[in-house]
Amino acid sequence: MKAWDRVLNARNVNRPLSSDYIKALFDDFVELHGDRLYKDDAAIIGGIATLGGMPVTVIAQEKGKNLKEKVRRNFGSPNPEGYRKSLRLMKQAEKFGRPIITLVDTQGAYCGLGAEERGQGEAIARNLMEMSSLKVPIITIVIGEGGSGGALALAVADRVWMLENAIYSILSPEGFASILYKDSTKAKEAAEVMKLTAQDLYELDVIEKIIEEPGAGAHESFEAIALNITALLIEEISVLKAMPIEDMLEERYARYRKFL
Amino acid sequence: MANIFKKTKYVKMNVVSKQEAPSVPSGLWVKCNNCGEVIYKEDFHSNLKICGSCEKHFRLDSSTRISMVLDEDSFEPMDEDLQTRNVLDFPGYDKKIKGLKESTHLNEGVVTGTGAIDGNKVAFGVMDSRFMMGSMGAVVGEKITRLIEKATEESLPLIIFTASGGARMQEGIISLMQLAKTSAALSRFNDAGGLYITVLTDPTSGGVTASFAMLGDIILAEPGTFIGFAGPRVIMQTIKQELPEGFQRAEFLKEHGFVDKIVARAEIKETLSQLLMLHGF
């Protein structure tokens, strides 16, 4: 399958979104709102839930189902307050010893006037720095699109997994084509050279696991995928919890340190 | 008369001027592209590339910056032999890097090492916009990270002058990983109690803004510096509005609480020296 087909699949309107995964993977979910500084960003859903009976903190980018909800959620492109809400909830998770699970699905951090005024760059940078040393296990799953720094700001983790048809890249193929080919219509060609598929990223050691999507994609096999993810998360969290915290943080550091 | 209703075609100005060096007619004079003033070339250079009329700070290369900030002959470079890799096998990338190495005499978009400021040893990094606009690929990320790690090991104050278009697109996801790598190294430096000062110079954007540029204990900026996450063109395309005057300039960021202090080029060494003194160095 061509990389571009994965891009289309990752953007398929019927593809399950974070809100679907939250319902399917967790029980007892309580959503928590706001960054305590400015406002609540609906592009990121955060809260506490149980996973196989164990309390966890869940943070997820949500694109929205219908047009009205998409607009409310800014099509899943977070503003700085979304990243600051995430950090607040991650610090809270650390305080109470809860593992953190993040779901990534965004075209990128929002490129708006207000986002710049309120320090989009600073908000992302702060998350990267703080997540690298949070003293609880962090697992990230890229479920759809993983766009640039806006995705990475939720993806500094002990394990990063991707769904088979998800993509994760430095920039959208359109943006990449616009910069390097001076032509955003060459997105298709760009996708083939960018190494943005789960398979490419697995080979580059950027991710640890590819989660299979039986059939034509996650929209056709959601129940099976959700069951699989639940089992994988429960197993991996127990592995991470069994590690001394210093070892876990050392591994997390090395996970990013190796890219030269 | 037939043309009376014809819409006047205005010349559209770029928000960020592409030509950042003042135009240099061969000879003794240069014209400032900001205010139009004609300046005696020797004065322009002895004035640290600042226009004497409008005070615009033009971009400086890394070696001028080093001689401006560090004590004479104190700089000892690190990691000058790291080689850029073409991870995406991107056509023309190797050739471009080779050409830039020859024309700039740099190995990559950042120069790192140790040096002294008024006798105090510091870990020092300066990005060079002449090398692919100081964009951060694996080598830039590695040099910055090794500098941070050295500062951590030797308890040195860390000073980085940023100047970057952001992540290096030609290195794809590996370039993105440098944001996490440098930020993680800074987390350890921070936990060890190290002092980190960033000086944002024109331009500081994208993945560099979203990582080590904005993580300083103290963030200084030169007057008029472009500082942002997204570029103005992308923002205008997104919001379909014109951007306000002075948007994403150092003064704007200071007003919004993201820069501690704006420091004119001629006063940077003195300011850094004073900040080091205030931290017990």
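Residues numbered from 1 in each chain as written. Chains lettered and ligands numbered in written order. Predicted model: local features only at pLDDT ≥ 70, side-chain atom pairs only at ≥ 80, totals over all residues. Heavy atoms only, no water.

### Things to note about the overall build of chain B
Point 1. Assigned secondary structure in chain B consists of 9 helices and 10 strands.
Point 2. Computed over its C-alpha atoms, the radius of gyration of chain B comes to 20 Å, within 12% of the 19 Å expected for a compact globule of 281 residues.
Point 3. Projecting the C-alpha coordinates of chain B onto the three principal axes gives extents of approximately 75 × 45 × 40 Å.
Point 4. The buried share among the 281 residues of chain B stands at 56%.
Point 5. Once local pairs closer than 6 in sequence are excluded, the contacts in chain B between residues at least 24 apart make up 67%. (Helix = DSSP H or I, 4+ residues; strand = E, 2+ residues; numbered from the N terminus. Rg over C-alpha atoms; globule rule 2.2 N^0.38 Å. Buried < 20%, exposed > 50% of the residue type's maximum accessible area, 1.4 Å probe, protein only. Contact = heavy atoms within 4.5 Å.)

### Regarding the overall build of chain A
Point 1. Summing up its helical and strand segments, chain A has 12 helices and 8 strands in all.
Point 2. Referenced to the eigenvectors of the C-alpha coordinate spread, the extents of chain A come out at roughly 50 × 40 × 40 Å.
Point 3. Counting only residues that meet the buried cut, chain A has 61% of its 260 residues in that class.
Point 4. Accessible surface for chain A amounts to roughly 10000 Å². Of this, 53% is attributable to carbon and sulfur atoms.
Point 5. Averaged over its 33 positive side-chain charges, chain A has a centre that lies 4 Å from the centre of its 38 negative ones. (Areas by Shrake-Rupley, 256 points an atom, 1.4 Å probe, with all protein chains shown as cover. Lys, Arg positive; Asp, Glu negative; His and termini not counted. Charge placed at Lys NZ, Arg CZ, Asp CG, Glu CD.)

### Brief notes about the domain arrangement of chain B
Residue and element names in this part refer to chain B.
Point 1. Its domain assignment divides chain B into domain 1 (16-58) and domain 2 (59-278).
Point 2. For domain 1 versus domain 2, the distance between C-alpha centres works out to 24 Å.
Point 3. On the domain 2 side, the residues contacting the 7 residues of domain 1 number 12 residues.
Point 4. For the pair domain 1 and domain 2, the summed buried area comes to about 860 Å², and 61% of that belongs to carbon and sulfur atoms.
Point 5. Joining domain 1 to domain 2, the criterion identifies 0 salt bridges. (Domains from an automatic or database assignment. Buried area = accessible area lost by both parts, 1.4 Å probe. Salt bridge = Lys/Arg side-chain N within 4 Å of Asp/Glu carboxyl O.)

### Side note on the interface of chain B and chain A
Point 1. Counting residues at the interface gives 52 residues for chain B and 46 residues for chain A.
Point 2. Both sides of the chain B and chain A interface together cover about 4100 Å² of buried area, and 72% of this is carbon and sulfur.
Point 3. The three residues of chain B that bury the most area against chain A are B:Met169, B:Ile173 and B:Phe229, which together make up 16% of that side's buried surface.
Point 4. Linking chain B with chain A are 3 salt bridges.
Point 5. One salt bridge connects B:Glu142 with A:Arg257, and the closest N-O pair in it is separated by 2.9 Å.

### Examining the packing of aromatic side chains
All names here are of chain B.
Point 1. Using the criterion set out here, one finds 8 aromatic pairs over all chains in the structure.
Point 2. Judged by centre distance (5.3 Å) and plane angle (55 degrees), the rings of tryptophan 29 and tyrosine 40 are tilted. Taken together, the residues tryptophan 29 in strand 1 (residues 29-31) and tyrosine 40 in strand 2 (residues 38-40) connect sequence positions 11 residues apart.
Point 3. A relative accessible area of 46% means that tryptophan 29 is categorised as partly exposed. (Phe/Tyr/Trp six-rings, centres within 6.5 Å; stacked < 30°, edge-to-face > 60°.)

### Comments concerning unusual backbone geometry
Point 1. Omega for the bond connecting B:Asp202 with B:Pro203 falls within 30 degrees of zero, at -10 degrees, which places this linkage in the cis form.
Point 2. Along the chain, the position of B:Pro203 falls in strand 7 (residues 196-205).
Point 3. Within the chain, A:Ser148 stands out as a residue other than glycine whose phi angle is a positive 60 degrees.
Point 4. In this structure, A:Ser148 sits in helix 7 (residues 148-152).
Point 5. In this structure A:Ser148 comes out as buried when scored by relative accessible area, which is 17%.
Point 6. Even without being glycine, B:Met132 reaches a positive phi, approximately 45 degrees.

### Structural notes on the pattern of salt bridges
Point 1. Overall, the coordinates contain 35 salt bridges over all chains when judged by the stated rule.
Point 2. Where A:Lys85 meets A:Asp40, a salt bridge forms, and the shortest distance between an N and an O atom there is 2.8 Å. Residue A:Lys85 is located in helix 4 (residues 80-95), and its partner A:Asp40 is located in the loop between strand 1 (27-31) and strand 2 (44-51); the two are separated by 45 residues in the primary sequence.
Point 3. A:Lys85 gets classed as buried once you look at its relative accessible area, which sits at 0%.
Point 4. A salt bridge links B:Glu102 to B:Lys98; the nearest nitrogen and oxygen atoms lie 3.7 Å apart.

### Considerations on the packing of helix 4 of chain A against helix 6 (residues 120-131) of chain A
All names here are of chain A.
Point 1. Where helix 4 meets helix 6, the axes come as close as 8 Å, and the angle between the chain directions of the two elements is 20 degrees. Looking at the two axes, helix 4 sits roughly parallel to helix 6. By crossing handedness, the relation of helix 4 to helix 6 is classed as left-handed. Of the residues in helix 6, those touching helix 4 at Pro80, Tyr83, Arg84, Ser86, Leu87, Met90 and Lys91 are Gln120, Glu122, Ala123, Ile124, Arg126, Asn127, Glu130 and Met131.
Point 2. Split into classes, the residues belonging to the contact of helix 4 with helix 6 amount to 7 nonpolar, 3 polar and 5 charged. (Axes fitted to C-alpha atoms, helices over the stretch in contact; angles between N-to-C directions. Parallel < 35°, antiparallel > 145°, perpendicular 65-115°, else oblique. Left-handed = near helix turned anticlockwise from the far one by under 90°. Nonpolar A, V, L, I, M, F, W, Y, C, P; charged D, E, K, R; others polar.)

### Let's talk about the environment of B:Ile173
Point 1. Tracing the backbone through its elements, the reader meets B:Ile173 in helix 5 (residues 172-191).
Point 2. Separated by 136 residues in the primary sequence, B:Ile173 and B:Glu37 have C-alpha atoms spaced 44 Å apart.

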